[in-house]
Amino acid sequence: MATAVWVLGLLGVALGALLGWVAVRFRRAGAPLADAIDKVLPQTQCGQCGFPGCRPYAEAIARGDADINQCPPGGEAGIRALAELLGREPKPLSADHGVEKPKVLAVIDEAECIGCTKCIQACPVDAIVGAPKRMHTVLDAECTGCELCIAPCPVDCITMVPARAGLAGWRPSRPLPRLTALVDAARLP
Amino acid sequence: MNAPQRLFAFPGGLRLPEHKDAATRAPSRACPLPPRLVLPLSQHAGQAARPEVAPGERVVRGQRIARAEGLGAHLHAPAAGVVVAIEDHPVPHASGLPAPCIVIDVDPAAGEAALLPALPDWPAIEPAALRARIEDAGIVGLGGAAFPTAGKLGRPIDLLVLNGAECEPWIACDEMLLRERAPAVRDGGRILARIVGASRIVLAIEDRMHGALAAAREALAGADDIAVVAVPTIYPEGGERQLIRVLTGAEVPSGGLPADLGVLCHNVGTAAAVADAVLRGLPLVERYVSVTGAGVADPVTLRAAIGTPIEWLVAQAGGYRADAERLVMGGPMMGRALPTDAVPLVKAANCVLVLTAAELRDDAPELPCIRCGECVRVCPARLLPQQLHWHLRAGDFDEVEAHALRDCIECGLCAHVCPSHIPLVEWYRWGKTELRVRAEDRRRSDLARERFEARKARLEREDAERAARLAARRASAPAATAGDADDPVAAALARAEAKKRGAATEDADGA
Amino acid sequence: MAREFRLGGAPHLPAATSVRTVMGKVLLALLPGVALSTAWHGPGVLLQAALACAFALLLEAAMLRLRGRPLRPFLGDLSAPLTAVLFALCLPPWAPWWIAAVGMVAAIVFAKHLYGGLGYNLFNPAMVGYALVLVAFTRELSGWPPLDAPIPPGALLDGVFGGGVPWDAMAQATPLDTLRDQLGQGRTVAEAQAGDDGRSAWLALAWTLGGLWLLQQRVIHWHVPVGVLAGVLAVALPLWLYDTGRHASPWFHLTHGALALGAFFIATDPVSGAATPRGRLLFGAGVGAMTVLVRTFGAYPDGVAFGVLLMNACAPLLDRWLKPRPFGHAR
Ligand code: SF4
Ligand code: SF4
Ligand code: SF4
């Protein structure tokens, strides 16, 4: 019996040491926290989180002034990534800040545009080009779909279109689990 | 003939039931022209072609009807007739979504074929001109990937592999092509070799394809520039990377191209199309296609015009049997199920397969992975399919990337042998697009971060400048009233400077 | 007329096998060994297997119900009966019925379902069950009936269900027990093995036969058995060469106790084992080495169960470290 206790004890110590070593060996290098958080945020720069852009929100989270569930564009996946990064439990997106939506791009109806430059000033990433009194257009590659340009437009000529549409944007859906637990469970008495 | 070829093994792989006799029993038949052809503008890797005809226009066989844009391939009319529309039409794609197509009402009497000039003296022609001919003929890889052929001919090559190892069950179009047109494959191989400067050519054929081997050897009797090599019949032997490994022992680097090893691999059908384009001036307007499976009455291999509706092809094979369950374009391992047969034959389609319930995976419930490791054993990419599946289910894409999902060739073996009947390949197809989307999102968000920071810096700079200008004006105003004694020149210069800077920021605004 | 078809993902070919087939084949492959064991030890062997199976299926059904899982696919997958039979084969034929009950609770409820059910268990359920009853009821599990005098059916039923205690009167120590006791008393290996007619090699052969059939059927692969063999040799051979008087030969180790059964049937359990080829080799080697170590230095006569459980804990790590190099990646 004593031998067994010794063997198990030693084994415990050895495995504990191994686990400790693994934890040290594979620890993430600690970049400044706000940078790491900013990396995870979607950079839509829409301000829905209540801060003027992703970076300020990241800094607020790092300071502990904001929760991790305030970014609708990042959605559930984004919250999960933040939770993992910060070692917290994920939580549902705060409804006060908005809902998760598919990605969109802004399109300016160039016939309607009066060239007022208001949208240019609103765009957080300078993705709209145009000179005063000239028609403006959106650079597709740079638009983040933040929708900040819609409200300022005096003639309502900006609309949001789905970012990935048609055959080129088609994606296979996530396979459905075929373990039809519900069907069988329903047959139980 | 060259010295006997030493063969190597590739990892994993499996012998599968062949079912090849169905579509090889009789010689191939020419498929009669259907009343209407539908030609998708995008039936190759790369950008869609741009139409060069308008509705109502008459076209003749061989006439170019759409030209390549960027990386792409030209499209030619397979038969004479009238363009009736350029519109969205269902295409053979898993989504079932329509895509732009040119629709031609066939009228064989509408005019003589307009072929390119034949180049029988090709050995004397510059490689660049031959390559241009392949481009002009709209040739793409006929093995299934549909990569524009001319696009693969730009790098110096040592070994040219002609891939006749048609390893998926049922498909038999390469076998029939080799039996019936081995000389064309030979000539096409020689032309391709001349273009890339290859010093060796290997024609690889699976060892069970006796008829094809015999025909190839006969076509090459007395010649020693092309080695006919019988390779063992193991799925997925015909995969480009697997075949190159078997023939050379080398592994094409992950994310790289065979050309990195000095090897170029072309399907035998592509080689025959090259021969047709050069020797006969015929653009790619038809191909061999097997219409087979237990769900068709009379399986056959056809020579059919591109754009022929699948429905028409199946009718040539005696129509559907009553128990036909699934329509697949391609083979039973990698082919895609089609929701309807009202779609056209495209350049890359080697097989139209109709399966009955008895030849299909059943819908038995999927069980959890029991970690049996069968999938690991058969995976030709030496991946850990069960780990990939686990991490995909958990949504852990960093791990998925670390387990090299992108090296999966979607051969389907793992899902085939999985005792738990997990649709592994469906997970991988989803995961691959997800990875692509994520990479794209990351690129976009990095760009957005950069531009956001740049804008913030610009706004701050503008604010600072405005403040500075204000301060300068306030400071200079009393000085001016006190009598512009100090240094009028310096003050004027400063004013000009400030103005210039202001203009510069306005420019930036406008940009 | 255009025709519509039902969609489905590739590959379209019917699946090559199923969990039920795999588990069923393993059960079949146990037959030669079970038959020989029954011939030697009497119908008690079959009785124990039947008892354990009944408990296993009952508990499995109850757990599936509790967890809201479908009964049919999971009860039909034969994984619970296989666990039960492997567990029962480790019991002496006259063990009381509640040993099977306790063992199956540990195996099916704790080791299997509390970890998430089929495919999710970290530890081999049969060995968890066996290790638990071995530690808890050492006395009940130590005596085996003598080989040449099978227990009369009355005594068997009395022992299993009646709480009668036939083993004190008739029990005979197994060769492994004898070896440990005698060595403990300072005798040499040769003296300890004087009464051993080496017959258990035949049982090892019977397990091996079944194992070879599984290999041929590609249900299991060579890595684990070869690993076990290598592990046993690596530890037992140097010890034996060092002092043939104090340490049993590798042959003795291989042919006695549960090693052959373990090498082909227990350590090859897919779920709790390693899944990469090199991982499996090392997994097997660990089991073999641990078994000999426990037999030589540990507190129990046999060590297969402990070896398997220990390596179960290491399997995920082995798979991580011994991940194969994907095709086309730099060496
Ligand atoms: S809500 Fe908008 S601004 Fe805030 S972090 Fe998310 S994307 Fe960035
Ligand atoms: S074949 Fe299926 S059950 Fe076996 S390890 Fe792979 S995924 Fe898991
Ligand atoms: S489909 Fe991918 S993961 Fe599965 S066996 Fe083929 S290459 Fe390997």
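What you see is a predicted model, and the numbers here were worked out from it, not measured in a lab. (Residues numbered from 1 in each chain as written. Chains lettered and ligands numbered in written order. Predicted model: local features only at pLDDT ≥ 70, side-chain atom pairs only at ≥ 80, totals over all residues. Heavy atoms only, no water.)

### Quick word on the overall build of chain A
- Scanning chain A from N- to C-terminus turns up six helices and four strands.
- Within chain A, the fraction of its 189 residues that count as buried is 34%.
- Sequence-distant contacts in chain A: of pairs separated by 6 or more residues, those separated by 24 or more amount to 51%. (Helix = DSSP H or I, 4+ residues; strand = E, 2+ residues; numbered from the N terminus. Buried < 20%, exposed > 50% of the residue type's maximum accessible area, 1.4 Å probe, protein only. Contact = heavy atoms within 4.5 Å.)

### Considerations on the overall build of chain C
- When helices and strands are counted, chain C shows 18 helices and zero strands.
- Radius of gyration (C-alpha) of chain C: 21 Å, near the 20 Å computed for a compact globule of 331 residues.
- When the backbone C-alpha atoms are referred to their principal axes, chain C occupies close to 85 × 55 × 30 Å.
- Of the contacts made within chain C by residues no fewer than 6 positions apart, 78% connect residues no fewer than 24 positions apart.
- Each charge class in chain C was averaged separately, 22 positive and 16 negative side chains, and the resulting centres sit 18 Å apart. (Rg over C-alpha atoms; globule rule 2.2 N^0.38 Å. Lys, Arg positive; Asp, Glu negative; His and termini not counted. Charge placed at Lys NZ, Arg CZ, Asp CG, Glu CD.)

### As for helix H5 (residues 79–88) of chain C
- Where burial is concerned, most of H5 of chain C is hidden: 10 out of the 10 residues are buried.
- Within H5 of chain C, the full set of buried residues consists of Ser-79, Ala-80, Pro-81, Leu-82, Thr-83, Ala-84, Val-85, Leu-86, Phe-87 and Ala-88 of chain C.

### Considerations on the sheet that holds strand S4 (residues 58–59) of chain B
Residue and element names in this part refer to chain B.
- Strand order in the open sheet formed by four strands is S2-S8-S7-S4, and the pairing between neighbours is antiparallel. Looking at strand neighbours, the two that pair on one side only are strand S2 (36–40) and S4, the edges of this open sheet.
- Here strand S7 (residues 81–90) pairs with strand S8 (residues 98–106) via nine bridges, running antiparallel. Looking across to S8, one finds that His-89 is bridged to Ala-99. (Pairing = 2+ DSSP bridges.)

### Digging into the interface of chain C and chain B
- At the interface, 46 residues of chain C touch 70 residues of chain B.
- Here chain C is connected to chain B by four salt bridges.
- Note that Glu-325 of chain B and Arg-6 of chain C form a salt bridge whose closest N and O atoms lie 3.1 Å from each other.
- Taken together, the connections running from chain C to chain B amount to 29 residue pairs in polar contact (both at pLDDT 80 or more).
- Elements that contribute at least two residues to the side of chain C that touches chain B include exactly helix H1 (19–29), helix H4 (71–75), helix H17 (277–297) and helix H18 (304–321) of chain C. (Salt bridge = Lys/Arg side-chain N within 4 Å of Asp/Glu carboxyl O. Polar contact = N/O pair within 3.5 Å; in protein donor to acceptor, adjacent residues only side chain to side chain.)

### Describing the site of ligand 1
- Neighbouring ligand 1 are 13 residues; Cys-46, Gly-47, Cys-49, Cys-54 and Cys-71 of chain A lie closest to it.
- When its residues are assigned to classes, the shell around ligand 1 shows eight nonpolar, five polar and no charged. (Near = heavy atom within 4 Å. Nonpolar A, V, L, I, M, F, W, Y, C, P; charged D, E, K, R; others polar.)

### A word on the domain arrangement of chain A
All names here are of chain A.
- Domain assignment breaks chain A into domain 1 (32–97) and domain 2 (104–162).
- Summarising the inter-unit geometry, the C-alpha centres of domain 1 and domain 2 are found 26 Å apart.
- Facing four residues of domain 1, the contacting portion of domain 2 comprises six residues.
- In this assembly, domain 1 packs against domain 2 so that about 320 Å² is buried in total across both faces, 63% of it on carbon and sulfur atoms.
- Three residues stand out in domain 1 for area buried against domain 2, namely Thr-44, Gln-45 and Cys-46, and they jointly supply 91% of the buried area on that side.
- Connecting domain 1 to domain 2 are zero salt bridges.
- The residue inventory of the side of domain 1 that touches domain 2, partitioned by class, reads one nonpolar, three polar and no charged. (Domains from an automatic or database assignment. Buried area = accessible area lost by both parts, 1.4 Å probe.)

### A look at the nonpolar core
- Membership of the largest hydrophobic core comes to 85 residues, with the highest contact counts inside it found for Leu-30, Phe-87, Met-104, Tyr-130, Trp-207 and Phe-265 of chain C.
- Counting residues per element, this core draws most heavily on helix H3 (residues 44–66) of chain C, at nine residues.
- Looking at which domains feed residues into this core, each of domain 1 (21–172) and domain 2 (175–322) of chain C supplies at least three.
- In this structure, Met-104 of chain C is in contact with Ala-52, Phe-55, Ala-56, Leu-59, Thr-83, Ala-84, Phe-87 and Val-109 of chain C, ignoring residues within four places of it in sequence.
- The next biggest cluster of nonpolar side chains, apart from the first, holds 60 residues, and it includes Ile-125, Ala-184, Leu-213 and Ala-271 of chain B. (Core = buried A, V, L, I, M, F, W, Y, C linked by side-chain atoms within 4.5 Å.)

### Some remarks on the sheet that holds strand S10 (residues 200–206) of chain B
Residue and element names in this part refer to chain B.
- One open sheet accounts for four strands, arranged S11-S10-S9-S12; its pairing is parallel. The two strands at the open ends of the sheet, each matched to only one other strand, are strand S11 (226–231) and strand S12 (263–267). Each adjacent strand pair in this sheet contributes to an overall mean axis angle of 25°, direction not counted.
- Here helix H3 (residues 173–196) sits on the sheet in contact with strand S9 (159–164), S10, S11 and S12, set at roughly 165° to S9.
- Sitting on the sheet, helix H4 (residues 210–219) touches S10 and S11, and the angle it makes with S10 is about 155°. (Axes fitted to C-alpha atoms, helices over the stretch in contact; angles between N-to-C directions.)

### Digging into the site of ligand 2
- Neighbouring residues of ligand 2: Cys-369, Ile-370, Arg-371, Cys-372, Gly-373, Cys-375, Gln-386, Cys-418, Pro-419, Ser-420 and Leu-424 of chain B.
- For the shell around ligand 2, the per-class residue count stands at seven nonpolar, three polar and one charged.

### So, the side chain of Arg-449 of chain B
- Tracing the chain through its elements places Arg-449 of chain B in helix H12 (residues 424–481).
- A residue is classified by how much of its surface remains accessible, and Arg-449 of chain B, at 16% relative accessible area, is buried.
- Polar contacts involving the side chain of Arg-449 of chain B include one to the side chain of Asp-38 of chain A, which spans 3.1 Å.
- When residues no more than four places from it in sequence are discounted, the contact partners of Arg-449 of chain B are Asp-38, Lys-39, Gln-43 and Gln-45 of chain A.

### Structural notes on the state of the cysteines
- Inspection of every chain in the model, using the stated rule, returns zero disulfides over all chains.
- Among the cysteines around Cys-123 of chain A, which has no disulfide bond, Cys-146 of chain A carries the closest sulfur, lying 6.0 Å off. (Disulfide = S-S within 2.5 Å.)

### Let's talk about the packing of aromatic side chains
- Taken as a whole and assessed by the stated rule, the structure comprises eight aromatic pairs over all chains.
- Look at Trp-390 of chain B and Tyr-120 of chain C: their rings are 5.9 Å apart centre to centre, the planes differ by 50°, and that puts the pair in the tilted class. Taken together, the residues span two chains, with Trp-390 of chain B in helix H9 (residues 385–394) and Tyr-120 of chain C in the loop between helix H6 (97–112) and helix H7 (125–136).
- Note on Tyr-120 of chain C: relative accessible area 40%, which makes it partly exposed. (Phe/Tyr/Trp six-rings, centres within 6.5 Å; stacked < 30°, edge-to-face > 60°.)

### Focus: the pairing of S8 of chain B
- Bridge analysis of S2 of chain B against S8 of chain B gives five bridges, and the strand direction is antiparallel. Note on S8 of chain B: the bridge partner recorded for Pro-40 of chain B is Cys-101 of chain B.

### What about the packing of H5 of chain C against H7 of chain C?
Residue and element names in this part refer to chain C.
- Following both chains from N to C, one finds H5 and H7 inclined at 35°, their axes separated by 8 Å at the closest point. Judged by the sense of rotation from one axis to the other, the crossing of H5 with H7 is right-handed. Note on element contacts: H7 touches H5 through Pro-125, Ala-126, Gly-129, Tyr-130 and Val-133, opposite Thr-83, Leu-86 and Phe-87.
- Split into classes, the residues belonging to the contact of H5 with H7 amount to six nonpolar, two polar and no charged. (Left-handed = near helix turned anticlockwise from the far one by under 90°.)

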